[in-house]
Amino acid sequence: NTHSSAQGEVATRGGLTRREGAGASPARSISLMPRSNGAEVYTVASWLMQQLPGLSFHIHASDLHEELVEHARAGKYTSDQVLHSEYIDQPFIDATFERVDGNYVVRPEVRAHTSFRQANLLDGDGLRKNFAKAPLVIAQNVLFHLTPSQATTAFENLVSLMTARGVLLVEGMDLDLRSACTVR
């Protein structure tokens, strides 16, 4: 998925690989919200593992709907779900999935870099309680579903999850509203 490749590039340039002080960096945290069935989370995890071997990271993902969180945790996809994009090639599939009973199941080593939980972007206290600050926070294709007031609240809640000098990647938000929120 092209967005996931772009997210991986943002991760490498946006502080995920930045070293702080001497010695090895601790595990880096990435927050992806909301992530529906988990496919994008596993794509980013696999991409990072392939492009930055040895990088210590963990992706904390969420969705508003518990049934989608459960589907994401299962990490099991049909051929149609995996093979829908011309950008998904066989080496990526082999690095990310095992074939089990005709399905594509996310490899344990990829899954180990991920966790999923139910969360509401409008519940700032709940987000801050359940998600640590991260150098990279990603929210795609969700804020345009909200009213301008709700989108502003969600945007501010996402910003509250960022570490100092962190990166917020937002796509799918009214440009004027995003500009107004960013200027603050």
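Quick notes on the rules
- Residues numbered from 1 in each chain as written.
- Predicted model: local features only at pLDDT ≥ 70, side-chain atom pairs only at ≥ 80, totals over all residues.
- Heavy atoms only, no water.
- pLDDT = per-residue confidence, 0-100.
- Contact = heavy atoms within 4.5 Å.
- Phe/Tyr/Trp six-rings, centres within 6.5 Å; stacked < 30°, edge-to-face > 60°.
- Buried < 20%, exposed > 50% of the residue type's maximum accessible area, 1.4 Å probe, protein only.
- Lys NZ or Arg CZ within 6 Å of the ring centre and 35° of its normal.
- Core = buried A, V, L, I, M, F, W, Y, C linked by side-chain atoms within 4.5 Å.
- Helix = DSSP H or I, 4+ residues; strand = E, 2+ residues; numbered from the N terminus.
- Expected span 1.5 Å × (residues − 1).
- Pairing = 2+ DSSP bridges.
- Axes fitted to C-alpha atoms, helices over the stretch in contact; angles between N-to-C directions.
- Salt bridge = Lys/Arg side-chain N within 4 Å of Asp/Glu carboxyl O.

A. Focus on the confidence of the model for the protein. Mean pLDDT over the protein stands at 85; residues scoring 70 or higher make up 84%. Here residues 18-24 scores under 50 on pLDDT; set against residues more than four positions off or in separate chains, the count is eight contacts.

B. Highlighting the packing of aromatic side chains. Taken as a whole and judged by the stated rule, the model has four aromatic pairs. The interplanar angle of 80° and the centroid separation of 5.7 Å between the aromatic rings of phenylalanine 97 and tyrosine 104 together place this pair among those described as edge-to-face. Residues phenylalanine 97 and tyrosine 104 agree in their burial class; the two are buried. Among the aromatic side chains, those forming a connected cluster through ring pairs are Tyr42, Tyr77, Phe97, Tyr104 and Phe116. In this structure, arginine 99 packs its charged tip against the face of tyrosine 104, placed 4.0 Å from the ring centre.

C. Here's a closer look at the nonpolar core. Ile30, Leu32, Leu48, Phe57, Ile59, Phe97 and Phe116 are the most contacted members of the largest nonpolar core, which totals 26 residues. Elements that contribute at least two residues to this core include exactly β1 (28-32), α2 (39-51), β2 (57-63), α3 (66-74), α5 (90-96), β5 (103-106) and β7 (134-140). Broken down by element, the residue count for this core peaks at six residues, all from α2. Grouped together as the second largest cluster of nonpolar side chains are 20 residues, Leu121, Val137, Leu143 and Leu158 included.

D. Structural view of α2. Relative to the 18 Å expected for 13 residues at 1.5 Å per residue, α2 spans 18 Å between its end C-alpha atoms, a close match to the ideal helical length. Three or more residues of α2 are buried, namely Glu40, Val41, Tyr42, Thr43, Val44, Ala45, Ser46, Trp47 and Leu48.

E. Representation of the side chain of serine 160 in the model. Locating serine 160 in the fold gives a position in the loop between α8 (148-159) and β8 (162-171). Taking the relative accessible area as the measure of exposure, serine 160 reaches 18% and is therefore buried.

F. Highlighting the sheet that holds strand β6 (residues 114-118). Here we have five strands laid out as an open sheet, ordered β6-β2-β1-β7-β8, and parallel in their pairing. Each end of this open sheet is capped by a strand with a single partner; those strands are β6 and β8. When the angles between neighbouring strand axes are averaged without regard to direction, this sheet yields 20°. Pairing between β1 and β7: three bridges, direction parallel. Residue isoleucine 30 lies in a different strand from β7, and its bridge partner there is leucine 136. Against the sheet, α3 contacts β2 and β6, and its axis sits at roughly 165° relative to β6. This element, α8, spans β7 and β8 of the sheet and lies at about 140° to β8.

G. Region of the structure containing the pattern of salt bridges. Across all of its chains, the model carries four salt bridges by this definition. Its salt-bridge partner being arginine 73, residue glutamate 66 comes within 3.5 Å of it at the nearest N-O pair. Assessed through its relative accessible area of 35%, arginine 73 is described here as partly exposed. Of the charged contacts in the structure, one is a salt bridge between arginine 107 and glutamate 98, with a shortest N-O distance of 3.7 Å. The class of arginine 107 is partly exposed, set by a relative accessible area of 23%. Using a relative accessible area of 32% as the deciding quantity, one classes glutamate 98 as partly exposed. It is possible to trace a salt-bridge network through shared partners that takes in Glu66, Glu70 and Arg73.

H. Structural context of the sheet that holds β5. The strand order across the open sheet built from three strands is β3-β5-β4, with neighbouring strands paired in antiparallel fashion. Lying at the two open borders of the sheet, with one neighbouring strand each, are β3 (76-77) and β4 (97-100).

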